[in-house]
Amino acid sequence: MDSEDDMHDANDLESLDDDFYSGETGMGSDDGDGDYEFGNNASDDSDDGNLNRQQENYTVLSEDDIRQRQEEDITRISTVLSIERDHACILLRHYKWDVDKVHEAWFANEESVRQTVGLYENPVARTFSRELLCGICFERHPCDRMCAASCGHFFCYSCWRGYVSTSINDGPGCLMLRCPDPPCGAIIGQNMINLLASNEDKEKYSRYILRSYIEDNITSKWCPAPGCEYAVDFVMGSVNFDVSCNCSHNFCWNCTEEAHRPVDCTMVAKWILKNSAESENMNWILANSKPCPKCKRPIEKNQGCMHITCTPPCKFEFCWLCLGAWTDHGERTGGFYACNRYETAKQEGEYDEAERRREMAKNSLERYTHYYERWATNQSSRQKALQDLQNMQNVQLDKLSDTQSQPESQMKFITEAWLQIVECRRVLKWTYAYGYYLPENEHGKRQFFEYLQGEAESGLERLHQCAEKELQTFIDSSGPSKDFNDFRTKLAGLTSVTRNYFENLVRALETGLNDVGESGNQPTCSRSSSIKSGKGKNGKTRTIGGTTSRSLDDGNHSHWSCESCTFANTKSSMVCQVCHRRR
Amino acid sequence: MTSSSSPSRKTLSKIATNRLQKELMEWQLDPPCGFTHRVSDNLYRWIIDVIGAPSTLYAGETYQLQVDFSDHYPMDAPQVIFLHPAPLHPHIYSNGHICLDILYDSWSPAMTVGSVCISILSMLSSSTAKQRPADNDRYVKNCRNGRSPKETRWWFHDDKV
């Protein structure tokens, strides 16, 4: 038993005798809630650093925060560039709210920025007459009843109003509204909108600007939970994508699906697609649409040439056949109506392969159903556990602290246990997606994976049992029980041990169990094994990864690998240390 | 023609009528070269004869454009289609629908029927092959119930032809 375990007083859990459970909470778990007070064991290495890093790699923003940040950015640009706030806002929108980029571009070549963005310094059209012809209604108007953007193309107020309101009601594309004069690119900013639009439209417009600050900015996204109005600003380059919104929704910042460690985003996307692929809708979308290569919105092409332009604000131009940028097309690719990249690829069988995969989407249904059912069961177990947790916090803890005459602050370990159960259900759920995609032919990995998953499940059952059934006896008892402190020790120990197990499991799966079945003799320096061995506690480096890397093909035969669980046992032991199977 | 009830629509309708009258007057004084407007008393639907420009694939051929204006004209683009038979062109469908950005996303109220006509003629003139768009059959099938090209989401514009 490693010394860390002793700290949890978990010695009464003889059944958990393998070192697998002794794993350190190396990287913080993805469930931020209260993981840390309990994790005393996290004090002996770099975990404090991880803790800080995790807390700092994202910020949850309320609408007020967003407005404030937006105002600050606009003020910065407006001060540094000495331009109007309205113009600063236009520039920021054009450069996706990246202040540095605006600075960079502006100071590199102000004139060219002005041209591209449409912020003209000197009107291209100038006139001094008192009456002008409006280019939209073709009526003559006195100059004071007309206005123009920075370009100086005058139109009458009523035509401007129609123009602006039509555009705002067409959607967020109105943020890029330009002067109505066809070849003119002068941009229409918010000042002009405020001058011309109805109150309702002004409100819409300012919401679009707010949305643009989150949606166009590559470092921020809206929380995907229904009805949630928070956004999350993420520190780019962080390893851990899991974020927890103030609305208590945990999601992956990268793919905005719910938090899904240990599986990666690609697998989650595949799995979710797979789940809905059974519905007619998805089948139709698969067969008839492709996602825009840039903004990923599905596009149905029901007519027209292969040159696709996505709707504003994306406006990405691409080739329907090869999904490459349209700028790469032309004479070289066989003219504008053919795409020989596609033709070549098709001849090479690349696209046939993709097409065939679509066809086979419905095959192996049985295998899929097996994993799906278990995935869904854990999902609903998790929902149930969440409800139980709430019930526990709202009703039961009160009662318990009454019967046991202990302050509620002493009952925190129970909440901890339930939070851990919720988290474990989430991990367990995703291991089923993981299992579904684990190649059938990698027998070693599969076996090991299924063993780990089985252990995880029974470990969690133990915890769940303890937190549910055993706790109930204390809630129901008539007076303080002397066993309660023992119970506290047991449940806290189980919580900690289960957490460690699951964290190790997550890490091992994240590294793709890649130590299993590798031919090299040396332990690979996977994340899990290196974290472990870095600790150097009495030389034991048995984590999921570290252990098994030695189990197979170990040249010097100092270990033997268990046939059942693949654990690498020392040569001297005749019984597997993990599953007690005989050699 | 200005029968709609909401005041904003009424003003727009008045704008549309005024503007169309002016455009028509302008057209009669100085029609764009190669186009003839067929006289009719319907201000909101113009039928225009197009004559293919000399020394192009469509030289000497005559086609008919039908231009329909909504109450929101010129804020909304007019609906422009070729009447049967539509010219063979990689951007023109056999049902007369035209794939041209200024008729949809890139429309600006400062454009006119005249400028649209000239764009269409230029599109015809620069064609190098008399052929239908690749997906003509499928598109036309989709439009069977008299769907307007303006209800289509056009994702594609190509200024080369």
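- The name an unreviewed UniProt entry gives chain B is E2 ubiquitin-conjugating enzyme, with Zostera marina as the organism.
- According to the UniProt record, the Sequence similarities (unreviewed entry) comment for chain B is "Belongs to the ubiquitin-conjugating enzyme family."
- Recorded in UniProt under Function (unreviewed entry), the annotation for chain B is "Accepts the ubiquitin from the E1 complex and catalyzes its covalent attachment to other proteins."

- An unreviewed UniProt entry annotates chain A as RBR-type E3 ubiquitin transferase of Zostera marina.
- For the record of chain A, the UniProt heading Function (unreviewed entry) holds the text "Might act as an E3 ubiquitin-protein ligase, or as part of E3 complex, which accepts ubiquitin from specific E2 ubiquitin-conjugating enzymes and then transfers it to substrates."

### Comments concerning the overall build of chain B
- If you tally the helices and strands in chain B, you get 3 helices and 4 strands.
- Start at the N end of chain B and walk to the C end: the helices and strands fall as α-β-β-β-β-α-α.
- A burial count over chain B gives 33% of its 161 residues as buried.

### Details of the sheet that holds strand S7 (residues 231–234) of chain A
Residue and element names in this part refer to chain A.
- The antiparallel open sheet is built from 3 strands, whose spatial order is S1-S7-S6. What marks the edges here is a single partner per strand, and that holds for strand S1 (58–61) and strand S6 (220–222). The average angle at which neighbouring strand axes cross in this sheet is 20°, direction not considered.
- Examined bridge by bridge, S6 and S7 share 3 bridges and lie antiparallel to one another. The residue bridging Lys221 from the neighbouring strand is Val232, located in S7.

### With respect to the nonpolar core
- In terms of nonpolar packing, the biggest core is built from 88 residues, with Leu91, Leu92, Phe155 and Cys159 of chain A together with Ile98 and Ile120 of chain B touching the most fellow members.
- Among residues more than four places away in sequence, those in contact with Leu92 of chain A are Asp73, Ile74, Ile77, Trp97 and Val102 of chain A.
- With 36 residues, the next largest nonpolar core counts Phe449, Ala456, Val506 and Leu509 of chain A among its residues.

### With respect to the sheet that holds strand S4 (residues 79–82) of chain B
All names here are of chain B.
- Strand order across the open sheet formed by 4 strands is S1-S2-S3-S4, with antiparallel pairing between neighbours. Edge positions in the open sheet fall to strand S1 (35–37) and S4, since each of these has one partner strand only. With strand direction ignored, the average angle separating the axes of adjacent strands in the sheet is 25°.
- Across 7 bridges, strand S2 (residues 45–51) lies against strand S3 (residues 62–68) in antiparallel orientation. Following the sheet pairing, Ile47 is matched in S3 by Gln66.

### Some remarks on unusual backbone geometry
- The step from Arg261 of chain A to Pro262 of chain A runs through a cis peptide bond, and the omega angle for that step is 5°.
- Take Pro262 of chain A: it is sitting in the loop between strand S9 (250–252) and helix H11 (265–277).
- Each neighbour pair has its own omega, and for His84 of chain B with Pro85 of chain B the value is 0°, a cis peptide bond.
- Examined against the element boundaries, Pro85 of chain B turns out to sit in the loop between S4 and helix H2 (113–125).
- Positive phi is not limited to glycine here, since Ser82 of chain A has a value of about 45°.

### A short note on helix H17 (residues 443–476) of chain A
Residues and elements named next belong to chain A.
- Compared with the 50 Å implied by 1.5 Å per residue over 34 residues, the 48 Å span of H17 between its first and last C-alpha is a close match.
- Its axis deflected by about 30° at Cys466, H17 carries its strongest bend there.
- Residues of H17 that are buried include every one of Phe448, Phe449, Leu452, Ala456, Gly459, Leu460, Leu463, His464 and Ala467, and no others.

### Quick notes on the confidence of the model for chain A
All names here are of chain A.
- Averaged over all residues, the pLDDT of chain A equals 76, while 69% of them reach at least 70.
- Here residues 1–54 scores under 50 on pLDDT; set against residues more than four positions off or in separate chains, the count is 85 contacts.
- Below a pLDDT of 50 lies the segment residues 517–556, which in the model reaches 83 contacts outside its immediate sequence neighbourhood of four places, other chains included.

### A word on the UniProt feature "active site" (unreviewed entry) in chain B
- Within this structure's numbering, the places UniProt gives as "active site" (unreviewed entry) are Cys99 of chain B.
- With respect to the helices and strands, Cys99 of chain B occurs in the loop between S4 and H2.

### Topic: the environment of Ser106 of chain B
- As for its position among the elements, Ser106 of chain B is in the loop between S4 and H2.
- Separated by 29 residues in sequence, Ser106 of chain B and Ala77 of chain B have C-alpha atoms that sit 9.0 Å apart.

### A look at the packing of helix H16 (residues 412–437) of chain A against helix H18 (residues 484–510) of chain A
Residue and element names in this part refer to chain A.
- Orientation of H16 relative to H18, taken along the N-to-C sense of each, is 25°, at an axis distance of 10 Å. Considering their axes alone, H16 and H18 lie roughly parallel with respect to each other. Crossing of H16 against H18: the hand is left-handed. For the pair formed by H16 and H18, the contact residues are Phe413, Ile414, Glu416, Ala417, Gln420, Cys424, Val427, Thr431 and Tyr434 on the first element and Arg488, Leu491, Ala492, Thr495, Thr498, Arg499, Phe502, Leu505, Val506 and Leu509 on the second.
- Of the residues assigned to the contact of H16 with H18, the class counts are 12 nonpolar, 4 polar and 3 charged.

### What to know about the packing of helix H4 (residues 63–81) of chain A against helix H5 (residues 85–94) of chain A
Residue and element names in this part refer to chain A.
- As a packed pair, H4 and H5 sit with axes 8 Å apart at the nearest point and diverge in direction by 110°. Between H4 and H5, the angle is such that the two are roughly perpendicular. Helix-helix and strand crossings are classified by hand; for H4 and H5 the assignment is right-handed. On the side of H4, the interface is formed by Asp73, Ile74, Ile77, Ser78 and Leu81, while H5 contributes Arg85, Ala88, Cys89, Leu91 and Leu92.

### Focus: the environment of Ala376 of chain A
All names here are of chain A.
- Structurally, the position occupied by Ala376 is in helix H15 (residues 365–403).
- On the basis of neighbour count, Ala376 is assigned to the partly exposed category, with 13 C-beta atoms found within 10 Å.
- Sequence separation between Ala376 and Trp430 is 54 residues, and the spatial gap between their C-alpha atoms is 9.7 Å.

### A few points about the pairing of S3 of chain B
- Relative to S4 of chain B, S3 of chain B runs antiparallel, the two sharing 4 bridges. Its bridge partner lying in S4 of chain B, Asp68 of chain B is registered against Gln79 of chain B.

Cut-offs used in this document
- Residues numbered from 1 in each chain as written.
- Chains lettered and ligands numbered in written order.
- Predicted model: local features only at pLDDT ≥ 70, side-chain atom pairs only at ≥ 80, totals over all residues.
- UniProt positions renumbered as here; feature names shortened; annotations may be inferred.
- Helix = DSSP H or I, 4+ residues; strand = E, 2+ residues; numbered from the N terminus.
- Buried ≥ 20, exposed ≤ 12 C-beta atoms within 10 Å, placed from the backbone.
- Pairing = 2+ DSSP bridges.
- Axes fitted to C-alpha atoms, helices over the stretch in contact; angles between N-to-C directions.
- Core = buried A, V, L, I, M, F, W, Y, C linked by C-beta atoms within 7 Å.
- Contact = placed C-beta atoms within 7 Å.
- Expected span 1.5 Å × (residues − 1).
- Bend = angle between axes of the 7 residues up to and from the residue.
- pLDDT = per-residue confidence, 0-100.
- Parallel < 35°, antiparallel > 145°, perpendicular 65-115°, else oblique.
- Left-handed = near helix turned anticlockwise from the far one by under 90°.
- Nonpolar A, V, L, I, M, F, W, Y, C, P; charged D, E, K, R; others polar.

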